[in-house]
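Structural overview
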Amino acid sequence: MSEPLVMGIESSCDETGVGIVRGTELLAHALSSSMEQHVRFGGVVPEVASRAHLEAMVPTLEQAYAESGVRVQDVDAIAVTSGPGLTGALLVGVAAAKALALAHDKPLYGVNHLAAHVAVDQLEHGRFEERAVALLVSGGHTEILLVDDIVTGITLLGQTIDDAAGEAFDKVARLLGLPYPGGPHIDRVARDGDPTTIAFPRALTGRDLDKHRYDFSFSGLKSAVARHVQHEDRMGRTFEVADIAASFQDSVCDVLTKKAIDACLDHDVKTLIIGGGVAANGRLRQFAEERAAKAGIQIRVPRMGLCTDNGAMVAALGAEVVRRGLPPSSLNLPADSSMPVTHVVAA
């Protein structure tokens, strides 16, 4: 069959995304973010995000049509993020996709947000030719996946047992007086700091390694940063934001990349895919590239604009699902806020 033409709709958190893909060719990548509406709260407010999706959905669809020259009538299928994510936000995207599918008699595929973060790399570097390990790092998720097949063979090797990495960046940024979202600001400030100044902990890398070989924990690290800041305040000293940011960032990136490379070596995998919003972090990329080069592992990272949540990644996964000939989802498709990563396509 010819490469499928698929529209993807993403609304799991604070970005409304519509992507149009033909096979592994990106035709449209339209995005509307409600990030600025959440800044004063220091985090995403679900009700605010849901209302923003309602307002942005039609304009974002129209932008995607304009970019690609493709209308919904032309596509072979519609894919939408069914989960995981914020329930109210997911419902907006799922409802929009159902309406379009019903009105234009198009097959509908509810797909997994996390698997889509892996699949989007195919738009950059072509289809996966062999099994891979994926490190997914975002505000809500931190997982290591073994990807034998992007549609039918994803195994969860490890995940965070408390704060996700992106969440830890946001909380530490708040402690340091940096704006939300914290990741880009810590990355920027840390460039002027010394990452060896403070020996922050590397959780689940010592005596807990056997039980939690591929798992992560960042709540203790966040608390260690808070204690350090409080101690400096009590002593009447001005703490160096750049040094703290650099030391914190190195602690996170060290653990993330070490465990990901270990997973590759343990499972005899030669490719590591890094996805999610934190994949845009410069220090994480540097750690990963250096360690992968030493281990003889290839790194695949999408460009910055495809790392964060977007409709292109949903379309990319949808195109792969359609290409395999999997049956479409029901029009009773739910929004599943806790959809497991092993469940790639909703029934």
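Before reading on, note that the structure itself is shown above.
Described in the following lines is the structure provided in the data block. Bear in mind the structure is a predicted one, so any value in this text is a computation, not a measurement. (Residues numbered from 1 in each chain as written. Predicted model: local features only at pLDDT ≥ 70, side-chain atom pairs only at ≥ 80, totals over all residues. Heavy atoms only, no water.)

**Points about the overall build of the chain**
Check the secondary structure of the chain and you find twelve helices and ten strands. Since a compact globule built from 347 residues should have a radius of gyration of about 20 Å, the 20 Å found for the chain is in line with a globular shape. Dimensions of the chain, computed from C-alpha atoms along their principal axes, come out at roughly 65 × 45 × 30 Å. For the chain, the proportion of its 347 residues judged to be buried stands at 56%. Considering only contacts in the chain between residues 6 or more positions apart, those separated by 24 or more positions represent 75%. Carbon together with sulfur atoms contributes 50% to the accessible area of the chain, which is approximately 14,100 Å² in total. Considering the chain, the positive charge centre built from 31 side chains and the negative charge centre built from 44 side chains are found 3 Å apart. (Helix = DSSP H or I, 4+ residues; strand = E, 2+ residues; numbered from the N terminus. Rg over C-alpha atoms; globule rule 2.2 N^0.38 Å. Buried < 20%, exposed > 50% of the residue type's maximum accessible area, 1.4 Å probe, protein only. Contact = heavy atoms within 4.5 Å. Areas by Shrake-Rupley, 256 points an atom, 1.4 Å probe, with all protein chains shown as cover. Lys, Arg positive; Asp, Glu negative; His and termini not counted. Charge placed at Lys NZ, Arg CZ, Asp CG, Glu CD.)

**What to know about the nonpolar core**
Among the nonpolar cores identified, the biggest contains 50 residues, and F248, L256 and L272 are the most heavily contacted of them. Looking at this core, the elements with two or more residues in it are β6 (132-137), β7 (142-149), α6 (165-175), α7 (182-190), α8 (219-234), α9 (241-266), β9 (271-275) and α10 (282-295). L272 has contacts with V133, L135, A260, I261, C264, I297, Q298, I299 and R300, leaving out every residue within four places of it along the chain. Residues A134, L136, V314 and V344 belong to the second largest nonpolar core, which totals 36 residues. (Core = buried A, V, L, I, M, F, W, Y, C linked by side-chain atoms within 4.5 Å.)

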